[in-house]
Amino acid sequence: METLSPERVDAYLRRIGADRPSRPTEEALHDLQLRHLTAVPFENLSIHLDEDVVLEEEALVGKIVDGLRGGFCYELNGAFAALLRSLGYEVDLLQARVYDGEGLPGIPYDHLALRVRAADGGGRAWLTDVGFGDHSHFPLDLGERGDQKDPSGVFRIVEREGPGADGDLDVVRDGKLQYRLERRPRALSDFAAGAWWHRTSPRSHFTRSPVCSLLTERGRVTLSGRRLVTTEDGRRTERPLADDAELLAAYREHFGVRLDRPPVPLHPRP
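Residues numbered from 1 in each chain as written. Predicted model: local features only at pLDDT ≥ 70, side-chain atom pairs only at ≥ 80, totals over all residues. Heavy atoms only, no water.

## Examining the sheet that holds strand β11 (residues 219–224)
Strands pair in a sheet through their backbones, by hydrogen bonds, and they do so in one of two ways: parallel or antiparallel.
And step 1. Pairing in this open sheet of five strands is antiparallel, and the strands run β1-β10-β11-β12-β13 from one edge to the other. Pairing within the sheet leaves two strands with one partner each, and these edge strands are β1 (42–43) and β13 (235–240). (Pairing = 2+ DSSP bridges. Helix = DSSP H or I, 4+ residues; strand = E, 2+ residues; numbered from the N terminus.)

This is how it looks when you write it as structure tokens:
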């Protein structure tokens, strides 16, 4: 995989409000993840704007850096991987299956996450994820099996056991299963089928309603359909948006996303 040019790296770092680290250290990785989460929204708007999703690094970086947009897991973590590699980190793409409310895993290649090693970590691997929406603010130590405290909760990395475990890991937040992570490195093109399914299937929650969400200093702000949901210091408020003009203004004001038309749900909820 090719690295980004120095000019593209600088533009990406400006997009997330980060200085170029002098070395690819673990401390810098933690800072880069948090800055990405607070600058680049998790959003599925392309699905509802009839825009193509191109799983190529230059296209993904261009959407975030030039288009001032966000994306869902394949886009956000795919682009972030390109940035991290260009800064000297060792990065692997990992496939994961997201658990539903009943504790059942989703389709293969349901989610893309990153395994990252820094120059000063002695080979330690970090689970780095800027594409799961409301998740850990900082990378998680993939070798740690105890509790890992994060501003968003307490995480655990659990070895799966029994038939079919295949060395996979479960990522758990506050006692609830988040996703099943496979350790084998993958290529970005491997995720094309999963991305297509999430973009087209009536069974995918991504096709049912537009969503745009961003971590903030005091909580999180989310546009779900036409509802603006804000959480500040643990207090949640929800406000319906009256019309298209108010909706488009909310995208601009809260996420820096400028649209010329409102997204229309591909497969609306019944």
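## Notes on unusual backbone geometry
And step 1. If you check the backbone angles, D174 has positive phi at about 50° while not being a glycine.
And step 2. Among the secondary structure elements, D174 is positioned in the loop between β8 (169–173) and β9 (176–181).
And step 3. Even without glycine at this site, D233 takes up a positive phi of about 55°.
And step 4. Tracing the backbone through its elements, the reader meets D233 in the loop between β12 (227–232) and β13.

## Quick look at the nonpolar core
One recurring pattern in soluble globular proteins: nonpolar side chains tend to sit buried together.
And step 1. Residues Y12, I16, L32, L84, Y89 and L114 are the most contacted members of the largest nonpolar core, which totals 48 residues.
And step 2. Those elements that provide at least two residues to this core are α1 (6–16), α2 (26–39), α4 (57–65), α5 (73–86), β2 (90–98), β3 (111–117) and β10 (211–215).
And step 3. If one sorts the elements of this core by residue count, α5 sits on top with nine residues.
And step 4. The contacts of L84, once residues within four sequence positions are left out, are L29, L32, Y89, V91, L114, V116 and T128.
And step 5. Ranked by size, the runner-up nonpolar core spans 15 residues in total, among them L45, V221, L228 and L259. (Core = buried A, V, L, I, M, F, W, Y, C linked by side-chain atoms within 4.5 Å. Buried < 20%, exposed > 50% of the residue type's maximum accessible area, 1.4 Å probe, protein only. Contact = heavy atoms within 4.5 Å.)

## Notes on the side chain of T25
And step 1. Here T25 is to be found in the loop between α1 and α2.
And step 2. On the basis of relative accessible area, T25 is assigned to the buried category, the value being 16%.
And step 3. The contact partners of T25, leaving out residues within four places of it in the chain, are Y89, A118 and D120.

## A closer look at the sheet that holds strand β7 (residues 153–159)
And step 1. Taken in spatial order, the eight strands line up as β5-β4-β3-β2-β9-β8-β7-β6 in an open sheet, and their pairing is antiparallel. Two strands lie at the open edges of the sheet, namely β5 (140–141) and β6 (148–150), each paired on one side alone.
And step 2. Judged from the three bridges that link them, β6 and β7 form a sheet pairing that is antiparallel. In the strand pairing of β7, Q148 is matched with F155.
And step 3. Sheet strands touched by α2: β3 and β4 (125–128). Its angle to β4, the strand with the most contacts, is close to 5°.
And step 4. In this fold α5 packs onto β2, β3 and β4, with an angle of close to 20° to the strand it touches most, β3. (Axes fitted to C-alpha atoms, helices over the stretch in contact; angles between N-to-C directions.)

## So, the environment of L68
And step 1. Within the fold, L68 resides in the loop between α4 and α5.
And step 2. Through-space distance from the C-alpha of L68 to that of D120 is 32 Å; in sequence the pair is 52 residues apart.
And step 3. Not counting residues within four places of it along the chain, the set of residues in contact with L68 comprises R15, K63, G256 and V257.

## Topic: the packing of aromatic side chains
And step 1. Within this structure, the stated rule accounts for seven aromatic pairs.
And step 2. Ring geometry for F72 and Y74: centres 5.3 Å apart, planes at 90°, overall edge-to-face.
And step 3. In this structure F72 comes out as buried when scored by relative accessible area, which is 1%.
And step 4. You can call Y74 buried: its relative accessible area is 0%.
And step 5. Summarising the aromatic geometry, the rings of Y251 and F255 are spaced 6.4 Å apart at their centres and angled 50° between planes, so their arrangement reads as tilted. Highlighted residues: Y251 and F255, both in helix α7 (residues 244–255), separated by four residues, approximately one helical turn.
And step 6. An aromatic cluster of three or more residues is present, and its members are F42, F72, Y74, Y109, F191 and F206. (Phe/Tyr/Trp six-rings, centres within 6.5 Å; stacked < 30°, edge-to-face > 60°.)

## Here we look at the pattern of salt bridges
And step 1. The full count for this structure, using the stated rule, is 26 salt bridges.
And step 2. In this structure, the salt-bridge partner of E57 is R85, at a minimum N-O distance of 3.1 Å. With E57 in helix α4 and R85 in helix α5, the pair connects residues that are 28 residues apart, well separated along the chain. This pair shows no difference in class: E57 is buried, exactly as R85 is. (Salt bridge = Lys/Arg side-chain N within 4 Å of Asp/Glu carboxyl O.)

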